[in-house]
Amino acid sequence: MKRTAGSGAGRVIILGVVAASLMASDFACAQSSAGRGPLTVPPAGITGSIPQTAPRAIPPARPNAMPKRLVQATPPKEWSGEDGQSSDPRMTAAAIREAAANFDRCVAGFAPDAARRGVSQANFDRLTADLSPDLRIMDLMDAQPEFTKSVWDYLDVLVTDARIARGREILAQNAATFAAVEKEYGVDRYIIAAIWGIESNYGTQGGDRSVLNSTATLACIGRRTAYFKDEFLAALEILNHGDLTPQQMRGSWAGAFGATQFMPTAFKKFAVDFDHDGKRNVVDSNPDIIASTAMKFKKDGWKQGDTWGFEVVVPQGFNYMYADRSKVMTIAQWEQLGIRRASGKPFPRATDQAYLTLPSGADGPGFLMLGNFRAIMRYNPSEAYALAIGHFADRLRGGQPLVQQWPRDERVLSRDERLELQQLLAQRGFYKGEPDGNLGNDTRKALRSYQVSAGLPADGFASSGVLDRLRGGSAPRASSGNSGGGFNLFNFGR
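Quick summary incoming for the structure in this document. Everything numeric in this text was worked out from a predicted model, so none of it was measured. (Residues numbered from 1 in each chain as written. Predicted model: local features only at pLDDT ≥ 70, side-chain atom pairs only at ≥ 80, totals over all residues. Heavy atoms only, no water.)

## What about the pairing of strand E3 (residues 309-313)?
Taken residue by residue, a regular strand's side chains alternate between the two faces of the sheet. How we decide: Partly exposed describes any residue whose relative accessible area lies between the buried limit of under 20% and the exposed limit of over 50%, with all areas from a 1.4 Å probe on protein chains only and scaled to the type maximum. Helix and strand labels come from DSSP, where a helix needs a run of H or I of at least four residues and a strand needs a run of E of at least two; each type is numbered from the N terminus. Strands were regarded as paired on the criterion that DSSP finds at least two bridges between them.
Of all five residues in E3, four are buried, a share of seventy percent or more. Pairing analysis gives four bridges linking E3 to strand E7 (residues 366-369), with the strands arranged antiparallel. Counterpart to Phe310 in the pairing with E7 is Leu368. In the sheet, E3 pairs with strand E5 (residues 340-341) via two bridges, with the strands oriented antiparallel. Residue pairing across strands places Val313 opposite Arg340, the latter belonging to E5.

## Observations concerning the state of the cysteines
Note the cut-off: To count as a disulfide, a pair of cysteine sulfur atoms needs to be within 2.5 Å.
Evaluation of the coordinates by the stated rule reveals one disulfide. A sulfur-sulfur distance of 2.1 Å marks the disulfide that ties Cys106 to Cys220. Between Cys106 and Cys220 the sulfur-sulfur dihedral comes to about -90°; the bridge is accordingly left-handed. Here Cys106, found in helix H2 (residues 103-108), pairs with Cys220, found in helix H10 (residues 211-220); they are 114 residues apart in sequence, far enough to count as distant. Comparing Cys106 with Cys220 shows no difference in burial state: the two are buried.

## Brief notes about the nonpolar core
Basically, it comes down to this: Nine residue types can take part in a nonpolar core, namely buried Ala, Val, Leu, Ile, Met, Phe, Trp, Tyr and Cys, and a core is a set of them joined through side-chain atoms within 4.5 Å. The contact criterion used throughout is that any non-hydrogen atoms of two residues lie within 4.5 Å.
One finds Tyr185, Ile221, Phe232, Leu236, Phe257, Phe297 and Leu387 to be the most contacted residues of the largest nonpolar core, which totals 99 residues. Here Phe232 is in contact with Val107, Phe110, Thr128, Leu131, Leu212, Thr215, Ala216 and Ala219, once residues within four sequence places are set aside. Of all hydrophobic cores here, the second largest spans 16 residues; its members include Phe310, Val314, Met329 and Leu356.

## Quick word on the packing of aromatic side chains
Let me state the cut-off plainly: In this scheme Phe, Tyr and Trp rings, the latter by its six-membered ring, pair at centre separations within 6.5 Å, and the angle between planes marks the pair as stacked below 30 degrees, edge-to-face above 60, and tilted otherwise. We call a charge positioned over a ring when the NZ of a Lys or the CZ of an Arg lies within 6 Å of the ring centre and within 35 degrees of the ring normal.
Counted by the stated rule, this structure contains 16 aromatic pairs. With 5.3 Å between their ring centres and 80° between their planes, Phe310 and Phe347 make a pair best called edge-to-face. With Phe310 in strand E3 and Phe347 in the loop between E5 and strand E6 (353-357), this pair connects stretches of sequence that are 37 residues apart. For the pair Phe318 and Tyr320, a centre-to-centre distance of 5.6 Å together with 80° between the ring planes defines the contact as edge-to-face. A single burial state applies to Phe318 and to Tyr320, both of which are buried. Put simply, the rings of Phe318, Tyr320, Tyr322 and Trp334 touch in pairs and so form one group of aromatic residues. Looking at Arg224, its charged tip hangs above the ring of Tyr227, at a distance of 4.7 Å from the centre.

## What to know about the sheet that holds E5
What counts, and what does not: For helices, the axis comes from a line fit to the C-alpha atoms of the stretch in contact; other axes are also lines fit to C-alpha atoms, and the angle between any two N-to-C directions lies between 0 and 180 degrees.
Strand order in the open sheet made by the five strands is E4-E6-E7-E3-E5, with antiparallel pairing throughout. Bordering the open sheet on either side are strand E4 (329-330) and E5, each of which pairs with just one other strand. Across the sheet, helix H15 (residues 371-379) is in contact with E6 and E7; its angle to E6 comes to roughly 65°.

## Some details on the pattern of salt bridges
Formally: One speaks of a salt bridge when a side-chain nitrogen belonging to Lys or Arg is within 4 Å of a carboxyl oxygen belonging to Asp or Glu.
Scanning the entire structure with this criterion turns up 24 salt bridges. Note that Glu383 is salt-bridged to Arg325, the shortest N-O span being 3.2 Å. Linking Glu383 in helix H16 (residues 383-396) with Arg325 in the loop between E3 and E4, this pair joins segments that are 58 residues apart in sequence. Across the pair Asp468 and Arg471 runs a salt bridge whose closest N-O atoms are separated by 3.1 Å. Residue Asp468 and its partner Arg471 are both found in helix H19 (residues 464-471); the two are separated by three residues, about one turn of the helix.

## Comments concerning H10
An α-helical turn contains 3.6 residues, so any two residues separated by three or four positions project in the same direction. Of all the ten residues making up H10, ten are buried; the element is thus mostly covered by neighbouring parts of the structure. Val211, Leu212, Asn213, Ser214, Thr215, Ala216, Thr217, Leu218, Ala219 and Cys220 are the residues of H10 that are buried. Looking one or two places after H10, you find Gly222, whose phi comes out positive at around 100°.

## Examining the side chain of Glu231
Here is the rule: Charged residues are defined here as Lys and Arg on the positive side and Asp and Glu on the negative side; His and the ends of the chain fall outside this count. Here a polar contact is recorded for every N or O atom pair within 3.5 Å, except that within protein the pair must consist of a potential hydrogen donor and a potential acceptor, and residues adjacent in sequence are included only if both atoms are side-chain atoms.
In this structure, Glu231 sits in helix H11 (residues 225-241). It is Lys269 that comes nearest to the buried, bridge-free Glu231 among opposite-charge side chains, at 7.8 Å. A polar contact of 2.6 Å, which involves the side chain of Glu231, links it to the side chain of Thr265. When neighbours within four sequence positions are excluded, Glu231 is seen to be in contact with Thr215, Met263, Pro264 and Thr265.

## Quick notes on the pairing of E6
When you tally the buried positions in E6, you get four out of five residues, the bulk of the element. Taken together, the two bridges between E4 and E6 define a ladder with antiparallel strand orientation. Counterpart to Thr330 in the pairing with E6 is Gln353. In this sheet, E7 lies alongside E6 in antiparallel orientation, the contact comprising three bridges. Looking at the pairing, Thr357 lines up with Phe367 of E7.

And the structure:
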C-alpha cells in the first residue's frame, strides 16, 4: 500500500545491548540502549490526544545460527508524556505530540531521498507502510540518570568469569574464521571477541526494537532529526539491497543492531560478506560479524601487533597534571617520571606513545593508553567502555585481573551533587561553563586547578571529599589567570 501524506498519522506501536546503555556517547557506532526482550512485544499507547489503532503483528524472525535472544516477560514502558530534560524546545511534550501527529507525512517526505539512494518506490512503500511513532524513545533519548556507575562497578558487571568462559568458547569454535580475519585485516581477535561479548553477550542479549521504526521516529521527532534521517535512509538501503530482513534488523532504541551493534550508516561503510553468500549479515553470520567488526577497527586506525594499554603504578609525589589525554609521551619518558607496569614486567617498546589516565583518581590504578585504545574509543567514545573492552580482551587471551585495588569505599556523586560541584567551582572562578551535572573535560580542568590551589593531588577526580571541601567556607578561589576545565567521571548516561 502506498503511503500518503497524513495517512494514519496517529497509529502507535511501541517496539521493545546490554552494557552500552551505560556509556557516555548518545549515538556511537557501538551504541545500544537499555532494555532487552522478545522479538515481538505487545503494543503500548502514547500519552496524549493522538488516536490509536492496533499495530501490525511482527512475523517471527527466521531461524539463525546464533543463540536465541533472551525473552522479556514484562511489556515496555509507555512514553511519559512529559517534557524532555535537555531543555531543547523540540523535546517538549507539545512539540513531540505535534511531530508525532505529522509522522506519516514526514516519512512520506523521505521518498525522494530514498529514491536517490536506489530504494525503489515499491520497496519504500512496502517498508514504511506500517511504521508508527515510538514515543517511548523520547524518554530514553533525553534521560538524565540521577547516578553514574563507578568504573569498578562497571568492570564488575561486564568482565565476569561467565562471560570470559563464553568468550573463550566463541574463540575456539570460530578459530579458523578469527585467524583468517586477523590475516586479512590485522585486528586482534581478542578485541573483536570482547566487543561481541560486551555488546550482545555473544548474541544472546540484543535490542528488541525495529531499527527502521526507531530511526524513522528519531528522523521525524525530537532534537536529532538530521542525524537520524541519514540513519533511517541507510536502514532503508540495507533492506532494499536485501542484506537483511526487517525481522533481523532489530536493535536499540537509537538503531544499533547486530551482534556487535552497528548503526545503519556504519553497516554501509564497514559490513563485510566474509562467508561469501551474497549478503552482509552482522546478525546471524559469525564470519560476517567477525570480519565486519574487524573492518571497522582497521578503518579506525587499529595498529596490528600492538596492545591497547598497560596497567601502571604511579609513584608517590607524582605530578598529576601529567595525567591528561592531551599529554602524550613515549614509554621511556613515562618511565623517567617513575611510571612502572603494575605486573612488574618491562614495557615491550620504549618508543611507544601513550597518555596516562587515572579513572578513579590518585587512590586507584593508573593506565598508560596507546593508540589502539583510541581506536576502541572510536567504536564508543567512553574511556570506561574502552577500558572494559581492553581488559576483557586481555582476560580472554589468558591475562590476569587488574593488580591494584579500586577505591571501592568511594561514593559516586549523584547528578545533583555533580551539578553542585560545578556551581561551587564556578563561584570560585575555576569553572567557566554552564553547570549541567555532566562532568566532562572542562570540569576536569577546573577541578584540577582547584586541587592545585588547595594543595591537593591534582588528579581531576570528582570525589565526595573534594565536594565536601568545596562546600567549606575556606575553599580557595581561582587567580585571575585560571581557566575552567573538566573531568570525565565515566558519566554513563547515554
